[in-house]
Amino acid sequence: MTETSTAATSPATSTATSRTASSGAHGTSPQPPALRFVDVSMVFPDGTHALSETTFDVRPGEFVTVVGPSGCGKSTLLRIASGLNDATTGSVEVDRSSLGYVFQDATLLQWRTVQRNVELLAELEGVPRRERARRAGDAIDLVGLRGAERQYPKQLSGGMKMRASLARSLVLEPSVFLFDEPFGAVDEITRERLNDEVISLFQRKGFAGLFITHSITEAVFLSTRVLVMSARPGHIVGDYRVPFDYPRAPELRFEPAFAELCGEVSHALRGAHS
Amino acid sequence: MTIINSAGVGTDLGMSLTPPDAAVDQFGVAPDRKRRRRLAWSRVLGPVLVFVVFVAVWHWMHTDGMRTLFNRPGFLIPAPETVINDSFVEPRARAALFNGIKWTAYIALIGLAITIVVGMILAIIMAQARAVENSIYPYLVAIQAIPILAIVPVIYSMFGGGLIPRILVCVLISIFPIVTNTLFGLQSADRGQHDLFTLRGANRFTRLVKLQLPAAMPNIFTGFRISAGLSVIGAVVGEQFFRAGSKPGIGIVLESYRQKGIYPQVFGCLILAAGLGIIVFLLFGLLSKVVVGHWHESGRSTR
């Protein structure tokens, strides 16, 4: 089963290798990649073929977004990167000790205040109480939640919950930051604000970002590079460099060059779909 | 039940005894004051009205009801005032009744304490692996299903009479809800929250203490409350089978009055037993509100 489907998708894999050209063009830095997928395939025990021979790098200072239809294995990519799941074949190279991971849901612990939620990961890492309180305070400032430290999750709006979730990951000062469709559930306006927030964090912290979304606008707005993924099994069918400088103003979304790039990505997505 | 829906925060009787949640007020999500006041009224006025109707019907049953409805003499249901007077004013009866309820409460509380400890440990063990859960669960259902009457000879052959078998019966009757609710609660943390702990390499113990147990608190308290009610029933049932002469529970006291045909005190015993049940229920409702009320929608969840 694995054999056949891998063979069937080999043309697509070769499409993915076109990436080498673009990343070669801009990845002139000698730094090793912060995150590297090498021929990663994933077949779940129930036979679902989620990923097929996916290969790509995320370099330090790069913000890569994977955009694709629901159920194309985008999230699986992150689960493999973080070690939550093991790839069926292929390998992942990443330093997991400083990995940030923002989930689809905020996954806050309902019985903890914002402050204590943000402290959680540091607490699990055994960071002393005072030190983690300080770090959590900084992270809370950074995501704009100052004043809400003592609130419980049930008192927060969806956007505020995601901010808390962001802050929680920031506490460990991640060098690689994984985002699994974090803003899928919030309204459009909140999503745009949170996008600004992510960009400002990216600029300030300089992590390598890998962001999953099915919003083309969000993908293009946030990233230095957009990968287009197709479904069943998931594989990369397009690789686009995003040329706009940071910081990116919200108005960027209305510029022709932006729209054009969105169009290209959209076209690639549709091609992958049919 | 409309109380729950309209308030969103308040729920059962236990809630009405607690102050409003200050944290909720502060952030403006609390219901407006007016509605809250109306709710307070419905919580006080409603039960009072029902009580008045109940006493009226009771009184009528004594004067006419028994005769007209069942063609039986009215003294079989003594008037409320007679019950109060003969059971709680008359000193000897009062002493007997309160001695009875004291022993029942004693057994119920010891039984409940054991139930809580054993039940929670059992649930935590069961939560460790599906295989363990599957192995133990059928026997819990069995304990729940077997009539206590059937196990009495077994218990008797081991312990004879006395307090211990009464406590044991109490535990057997009340343990099921604690285990099931705690287990359900321990399994209620969502996958994302577990992933979070997995990512940081948390061990079983950390996961239990920092994730599963706190997540389970609302369910655990639900279990406490249901089991607390059952422990009172268990204490009364237990004393029926294992009569320890010098330590009669309220059930024994009731039975002895019934045999002598003294009905007012029989009803007095009923009132005391019911009162004990209500107090225990309220106590755990209050405790639940204090412990989880600030983060959970309510101290209550599904039964």
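None of the values given here were measured: they were computed from a predicted structure.

Visitor: Explain the overall build of chain B to me, using residue names and the numbers behind them.
Guide: Secondary structure summary: chain B contains 13 helices and zero strands in total. Going through the 303 residues of chain B one by one, you find that 36% of them count as buried.

Visitor: Explain the overall build of chain A residue by residue, including any values.
Guide: Helix and strand counts for chain A come out as ten helices and nine strands. In chain A, which comprises 274 residues, the proportion classed as buried is 47%. Once local pairs closer than 6 in sequence are excluded, the contacts in chain A between residues at least 24 apart make up 75%.

Visitor: So what's going on with the domain arrangement of chain A? Residues and values would help.
Guide: Residues and elements named next belong to chain A. Assigned domains within chain A: domain 1 (13–95 + 175–273) and domain 2 (108–173). Computed from C-alpha atoms alone, the centre-to-centre distance between domain 1 and domain 2 is 26 Å. The partner domain 2 presents six residues to the nine residues of domain 1 that form the contact. Each residue belonging to the side of domain 1 that touches domain 2 can be placed in one class, and the counts come to seven nonpolar, one polar and one charged.

Visitor: How would you summarise the sheet that holds strand 5 (residues 99–102) of chain A if you had to cite specific residues and measurements?
Guide: Picture the strands of a sheet paired through backbone hydrogen bonds; they go either parallel or antiparallel. All names here are of chain A. In space, the six strands of this open sheet follow the order 5-6-7-3-8-9, with mixed pairing throughout. Two strands in the sheet have a free side with no partner beyond their single neighbour: strand 5 and strand 9 (235–241). For this sheet, the mean angle separating the axes of adjacent strands, direction not counted, is 15 degrees. Here five bridges tie strand 6 (residues 176–180) to strand 7 (residues 208–213), and the two strands are oriented parallel to one another. Across the sheet, residue Leu178 finds its bridge partner in strand 7, namely Leu210.

Visitor: Any chance you could break down the interface of chain B and chain A for me, citing the residues and the numbers?
Guide: How large an interface is tends to be reported as the accessible area lost when its parts come together. Each partner contributes to the interface: chain B provides 19 residues, whereas chain A provides 16 residues. Elements with a minimum of two residues in the side of chain B that touches chain A: helix 10 (191–199) and helix 11 (204–241) of chain B. A per-element tally of the side of chain B that touches chain A places helix 10 of chain B first, with seven residues. The class makeup of the residues in the side of chain B that touches chain A is nine nonpolar, six polar and four charged.

Rules of the game
- Residues numbered from 1 in each chain as written.
- Chains lettered and ligands numbered in written order.
- Predicted model: local features only at pLDDT ≥ 70, side-chain atom pairs only at ≥ 80, totals over all residues.
- Helix = DSSP H or I, 4+ residues; strand = E, 2+ residues; numbered from the N terminus.
- Buried ≥ 20, exposed ≤ 12 C-beta atoms within 10 Å, placed from the backbone.
- Contact = placed C-beta atoms within 7 Å.
- Domains from an automatic or database assignment.
- Nonpolar A, V, L, I, M, F, W, Y, C, P; charged D, E, K, R; others polar.
- Pairing = 2+ DSSP bridges.
- Axes fitted to C-alpha atoms, helices over the stretch in contact; angles between N-to-C directions.

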